[in-house]
Amino acid sequence: MIIFVTGASSGFGAAIARRFIADGARVVATARRLDRLQQLRQDLGPGLLPLELDVRDRAAVEGCVAGLPPDFAEVDVLVNNAGLALGLEPAHRADLDQWERMVDTNIKGLMYCTRALLPGMVARNRGHVVNIGSVAGEWPYPGGNAYGGSKAFVRQFSLNLKADLIGTGVRVSEVEPGMADTEFSLVRFDGDADRAKAVYTGIQPLTAQDIADTVHWIVSRPAHVNINTISLMPACQAFSPFAVKRG
Ligand code: NDP
Ligand code: 8X3
């Protein structure tokens, strides 16, 4: 089995790469930080192919997929994991550049990778697209604005992909995690390690391994079973009540 993972240099993506390599799969591990991917290759061996890729670059995505070496070319599983949240400001103060970066990465990057790899899967009558959404795509929270919007796209796009791919042997799944301790908050708060650490202080968040196990379970169901959506949160997380401003 050949797995193509975006955002494999950290967090969920790195854990997903490890999980599938442990199973004997071959993994195309992509991200912008090639040094991290090369370290992963040293740890995990030649079954992992590290490739530098910025998913926002449409031509680079197409070139990367078209140029895969024969041993890694017939991709069975695409895990669209690369993504990020930037900032937690309310919409009227948010940085429009950050909104654009989230759209370019979480939405457009995911579309580019999907569109590049799907034709091969359909032609082989075999494949699986696993998209990493978020609970933020289903439930609003203050400051979630464009991030939550981008993940709502991931949810609906995944369902619509499944509608298009009926009868092709290609499955589509979406995973919607809640709070998980990765570099997510470090990125969201622009490298402010104290602020990022505070997000997970005094709680037991999900781990990258939890998400890797979930993706692995989804992919290893029998071919006639399509897991549409999985939403998971740490036990300590729940939903907000409606906010009511009085006076
Ligand atoms: P990390 O910050 O640890 O990992 C994010 C990964 O995305 C990195 O490998 C990064 O690699 C990659 N990435 C970011 N931008 C690009 C880009 N333009 N091109 C290619 N790769 C990129 O966070 P997580 O592992 O937590 O995040 C993974 C996914 O899970 C994201 O889509 C996130 O939105 C989602 N998620 C996270 C949750 C959490 O609480 N942690 C909860 C719900 C969803 P590099 O910088 O090297 O390019
Ligand atoms: C990340 C999950 O709850 O921090 O997508 O927005 S949350």
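Note: the structure precedes this text.
Residues numbered from 1 in each chain as written. Chains lettered and ligands numbered in written order. Predicted model: local features only at pLDDT ≥ 70, side-chain atom pairs only at ≥ 80, totals over all residues. Heavy atoms only, no water.

Draft legend 1. Structural context of the side chain of serine 158. Secondary-structure assignment places serine 158 in helix H6 (residues 145-165). Taking relative accessible area as the criterion, serine 158 reaches 3% and is therefore assigned buried. With near-sequence residues (within four places) excluded, serine 158 lies in contact with Asn131, Val172 and Glu174. (Helix = DSSP H or I, 4+ residues; strand = E, 2+ residues; numbered from the N terminus. Buried < 20%, exposed > 50% of the residue type's maximum accessible area, 1.4 Å probe, protein only. Contact = heavy atoms within 4.5 Å.)

Draft legend 2. Examining empty space enclosed by the protein more closely. In the structure shown here, the tally under the stated rule is three cavities of 30 Å³ or more. In this structure, the largest cavity occupies an estimated 50 Å³ of space. Taken together, Arg155, Ser158, Leu159, Lys162, Val172, Ser173, Glu174, Asn228 and Thr229 make up the full set of residues lining the largest cavity. Secondary structure elements with two or more residues in the lining of the largest cavity: H6 and strand E6 (170-177). The leading source of residues in the lining of the largest cavity is H6, at four residues. (1 Å grid on protein atoms, 1.4 Å probe; cavity = no way out; pocket = protein on both sides within 12 Å on 5 of 7 lines; lining within 4 Å. Points joined across faces, edges and corners; volume = space filled by probe spheres on them.)

Draft legend 3. Inspection of the site of ligand 2 at higher detail. With respect to spatial proximity, the complete set of residues near ligand 2 consists of Ser134, Val135, Ala136, Tyr141, Tyr147, Phe184 and Gln237. Taking tyrosine 141, its side chain carries an N or O atom lying 2.6 Å from an oxygen atom of ligand 2. Note that an oxygen atom of ligand 2 is positioned 3.4 Å from one of the side-chain N or O atoms of glutamine 237. Burial of ligand 2 by the protein amounts to 85% of the accessible area it has alone, namely 240 Å². (Near = heavy atom within 4 Å. Polar contact = N/O pair within 3.5 Å; in protein donor to acceptor, adjacent residues only side chain to side chain. Areas by Shrake-Rupley, 256 points an atom, 1.4 Å probe, with all protein chains shown as cover.)

Draft legend 4. Representation of the site of ligand 1. Not every one of the 30 residues close to ligand 1 is listed here, only the nearest: Ser9, Ser10, Arg32, Tyr147 and Thr182. One of the backbone nitrogen or oxygen atoms of glycine 178 is found 3.5 Å away from an oxygen atom of ligand 1. For the shell around ligand 1, the elements supplying multiple residues, two or more each, are helix H1 (11-22), H6 and helix H7 (184-188). Among the residues forming the shell around ligand 1, the class breakdown is 13 nonpolar, eleven polar and six charged. (Nonpolar A, V, L, I, M, F, W, Y, C, P; charged D, E, K, R; others polar.)

Draft legend 5. Representation of the layout of surface pockets. Computed from the structure, the second largest pocket encloses a volume of approximately 170 Å³. Together, Leu86, Gly87, Gln98, Arg101, Glu183, Leu186, Val187, Arg188, Asp190 and Gly191 line the second largest pocket. Ranked by residues supplied to the lining of the second largest pocket, first place goes to H7 with three residues. Partitioned by chemical class, the residues of the lining of the second largest pocket number three nonpolar, three polar and four charged.

Draft legend 6. Inspection of the sheet that holds strand E5 (residues 127-132) at higher detail. Overall, parallel pairing links the seven strands, which are arranged E3-E2-E1-E4-E5-E6-E7 in an open sheet. Unpaired on one side and paired on the other, strand E3 (48-52) and strand E7 (229-232) mark the two borders of the sheet. Going across the sheet, the axis of each strand differs from the next one's by a mean of 15°, ignoring polarity. As paired elements, strand E4 (residues 77-80) and E5 share four bridges and run parallel to each other. Bridge pairing links valine 79 to valine 130 in E5. With respect to the sheet, helix H5 (residues 96-124) is in contact with strand E1 (2-6), E4, E5 and E6, its orientation differing from that of E4 by roughly 170°. Each of E4, E5, E6 and E7 is contacted by helix H9 (residues 208-219), which is oriented at about 155° to E6, the strand it contacts most. (Pairing = 2+ DSSP bridges. Axes fitted to C-alpha atoms, helices over the stretch in contact; angles between N-to-C directions.)

Draft legend 7. A look at the nonpolar core. Core analysis: the biggest nonpolar cluster contains 34 residues, and Ile3, Ile16, Phe20, Val27, Leu48, Val79 and Val215 have the highest contact counts within it. The element that contributes the greatest number of residues to this core is H1, accounting for seven residues. In this structure isoleucine 16 touches Val5, Val79, Ala212 and Val215, once residues within four positions along its chain are discounted. By size, the runner-up hydrophobic cluster in this structure holds 26 residues, among which are Phe72, Tyr112, Met121 and Leu165. (Core = buried A, V, L, I, M, F, W, Y, C linked by side-chain atoms within 4.5 Å.)

Draft legend 8. Highlighting the pairing of E3. Two strands pair when backbone bridges link them, and strand E2 (residues 26-31) and E3 are joined in this way by five bridges, in the parallel orientation. Each residue of the ladder has a partner; that of alanine 29, found in E3, is proline 50. One crossover worth recording links E2 to the parallel E3 by way of helix H2 (residues 34-44), and it is right-handed. (Right-handed = clockwise from strand over helix to strand, strands pointing away.)

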